Amino acid sequence: CIAPASAYFEWPLVNGQKQCHRVYTKDTKPLLLGGLWETWGEGDELIESFTVVTVPAVASIDWLHHRMPLIIPENAIGDWLSGSMEDAIGIMQSTETIELAANAIPSPPKSAKSLSLVNKKSAVYLSLNTLTPKACSRVSFSFGPTSQYN
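Think of each chain on its own: its residues are numbered from 1, step by step along the sequence as written. Under the rules for a predicted model, residues below a pLDDT of 70 receive no local features and side-chain atom pairs below 80 are neither given nor counted, while totals for whole chains, interfaces and linings still include all residues. Side-chain metrics in this entry use all non-hydrogen atoms of the structure; hydrogen atoms and water are not considered.

### As for the overall build of the protein
Let me state the cut-off plainly: Comment: elements are numbered from the N terminus, with helices defined as DSSP H or I runs of at least four residues and strands as E runs of at least two. Burial status follows relative accessibility: with a 1.4 Å probe on protein chains alone, a residue under 20% of its type maximum counts as buried, one over 50% as exposed, and anything between as partly exposed. By the convention used here, residues are in contact when the closest approach between their heavy atoms is within 4.5 Å. Calculation of accessible area relied on Shrake-Rupley with a 1.4 Å probe; when residues are assessed, cover is drawn exclusively from the protein chains displayed.
Helices and strands together make up the secondary structure of the protein, namely three helices and 11 strands. Each helix and strand of the protein, ordered N terminal to C terminal, gives the series β-β-β-β-β-β-β-β-β-α-α-β-α-β. Across the 150 residues of the protein, 37% fall into the buried class. In the protein, the share of contacts with a sequence separation of at least 24, taken over all contacts with a separation of at least 6, comes to 59%. Of the roughly 9100 Å² of accessible surface on the protein, 52% is carried by carbon and sulfur atoms.

The following block contains the structure:
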């Protein structure tokens, strides 16, 4: 699946304190985050869920964290969603240059603060619409106006 996002957040230690940083594309296009979709459970207790795939960070942001969400290039959307395993591996190993930028912000958007996180060092904040296996791309990330953090 693909989860579109305007940005994601990292909290590196700066002078002994965690400092929130917003990571986004330099051209301000949405990030197309590669994910894996699954429906699991038993009987009427089915849960539809997804996870965002992570890869080694690109050089422009590796000072924030050694990993980052997999960003799917626009020309690889079809291969990620319905290609072969070899296509997916190729996308994950792509050396295509991703132009990312990061800037320190006072705090993440209010809606993000209330989420419970498994890994509090790094997170992608989600606002989920109703999901179906055929429409994982309906997952949206809401951060308010992007200019608020530029």
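The discussion continues.
### Some details on the confidence of the model for the protein
To keep things clear, this is the line we draw: Per-residue confidence from the predictor is reported as pLDDT, a score between 0 and 100.
Chain-level statistics for the protein give a pLDDT mean of 75 and a share of 70% at 70 or above. Across the protein, the element-wise mean pLDDT spans from 36 in strand 11 (residues 122-123) up to 95 in helix 1 (residues 77-82).

### Re the pattern of salt bridges
Two side chains bearing opposite charge may form a pair once their charged atoms approach each other closely. Counted only if it meets this: The salt bridge criterion pairs a side-chain nitrogen of Lys or Arg with a carboxyl oxygen of Asp or Glu, the two atoms within 4 Å.
Applying the stated criterion to the full structure yields two salt bridges. Where E99 meets K26, a salt bridge forms, and the shortest distance between an N and an O atom there is 3.7 Å. Note that E99 is positioned in the loop between helix 2 (85-92) and strand 10 (100-104) and K26 in the loop between strand 5 (21-25) and strand 6 (31-42), a separation of 73 residues in sequence. Overall, the relative accessible area of 47% leaves E99 in the partly exposed class. Between E74 and K29 there is a salt bridge, with its nearest N and O atoms 3.8 Å apart. Of this pair, E74 sits in the loop between strand 9 (67-69) and helix 1 while K29 is found in the loop between strand 5 and strand 6, placing the two residues 45 residues apart along the sequence.

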